[in-house]
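Commentary on secondary and tertiary structure
Now for the letters of each chain:
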Amino acid sequence: MKDLFRYLVVGVLLGATGVCVASPRCQVTIHSDDRIHWDTPDIKVSNVCENFTVTLVHDGQLSKDVMGHNWVLAKTEDSEALLRILIAEKDNDYINEDPRIIAHTKLLGGGQVSVVTFDVSKLQLGQAYSFFCSYPEHVKLMQGTLELIED
Ligand code: CO
């Protein structure tokens, strides 16, 4: 019985360690829906993360042609020019191969999820990054800032 207890304690401790290793700052889940809206205005990425994973969830029901959402990351200084180009890419779900795009998800309609993982070494300390939805007219209410922070 004592041994069983010990195993349980070890198990809990290992579980706790697992939580620490998978630091919440190495990933974020962003929820959107049938409004022009998402729930995450700012993201901090720890420089101890090797990779960073963004999970975009569309909790709504409208199709991507009507209420499409994606998540596009770029340097803040590149974002405006980039967005002007992406908005014209209707046949390509408002995305292209522009090298200024650091990472992006797929364009989602209601009920869909897209996950993107990128190498944190692509980010620099002190550099301002922005993320946005490139679906036309969505950027005003679907944008945010991303920052690499030192841990
Ligand atoms: Co959108």
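In what follows, the accompanying structure is described. (Residues numbered from 1 in each chain as written. Predicted model: local features only at pLDDT ≥ 70, side-chain atom pairs only at ≥ 80, totals over all residues. Heavy atoms only, no water.)

Turning our attention to the environment of G109. In this fold, G109 is placed in the loop between β5 (103-104) and β6 (113-119). Given a relative accessible area of 3%, G109 falls into the buried group. It is 5.3 Å that separates the C-alpha atoms of G109 and G68, two residues lying 41 residues apart in sequence. Aside from chain neighbours lying at most four places away, what touches G109 is H58, L62, S63 and K64. (Helix = DSSP H or I, 4+ residues; strand = E, 2+ residues; numbered from the N terminus. Buried < 20%, exposed > 50% of the residue type's maximum accessible area, 1.4 Å probe, protein only. Contact = heavy atoms within 4.5 Å.)

Let us look at the side chain of S32. Tracing the chain through its elements places S32 in strand β1 (residues 27-32). For S32, a relative accessible area of 2% gives the class buried. Discounting residues that sit within four places of it in the chain, S32 has contacts with H37, W38, L56, V57, H58, D59, G60, H69 and M142.

Time to look at the nonpolar core. Grouped together as the largest cluster of nonpolar side chains are 28 residues, with contacts concentrated most on I43, W71, L73 and L146. Those elements giving two or more residues to this core turn out to be β1, β2 (42-46), β3 (51-58), β6, β7 (129-132) and β8 (143-149). Of all the elements, β3 adds the most residues to this core, at 3 residues. Residues contacting L73, with those up to four places away along its chain left out, are R100, I101, I102, A103, F118, L123, Y129, S130, F131 and L146. A74, L83, L86 and F132 belong to the second largest nonpolar core, which has 8 residues in total. (Core = buried A, V, L, I, M, F, W, Y, C linked by side-chain atoms within 4.5 Å.)

On to the sheet that holds β2, then. If you trace the 5 strands from one edge of the open sheet to the other, you get β2-β8-β7-β4-β5, paired in mixed fashion. The two strands at the open ends of the sheet, each matched to only one other strand, are β2 and β5. On top of the sheet, helix α3 (residues 76-86) reaches β4 (72-75) and β7; it is set at about 130° to β4, its chief contact. (Pairing = 2+ DSSP bridges. Axes fitted to C-alpha atoms, helices over the stretch in contact; angles between N-to-C directions.)

The next thing to look at is the state of the cysteines. All told, the structure shown has 1 disulfide when counted by the stated rule. Paired by a disulfide, C26 and C49 hold their sulfur atoms 2.1 Å apart. Looking along the S-S bond of the C26-C49 disulfide, the torsion reads about -90°, which is the left-handed sense. A residue pair is termed long-range when its members are at least 10 positions apart, and C26 in the loop between α1 (2-21) and β1 and C49 in the loop between β2 and β3 qualify at 23 residues. (Disulfide = S-S within 2.5 Å.)

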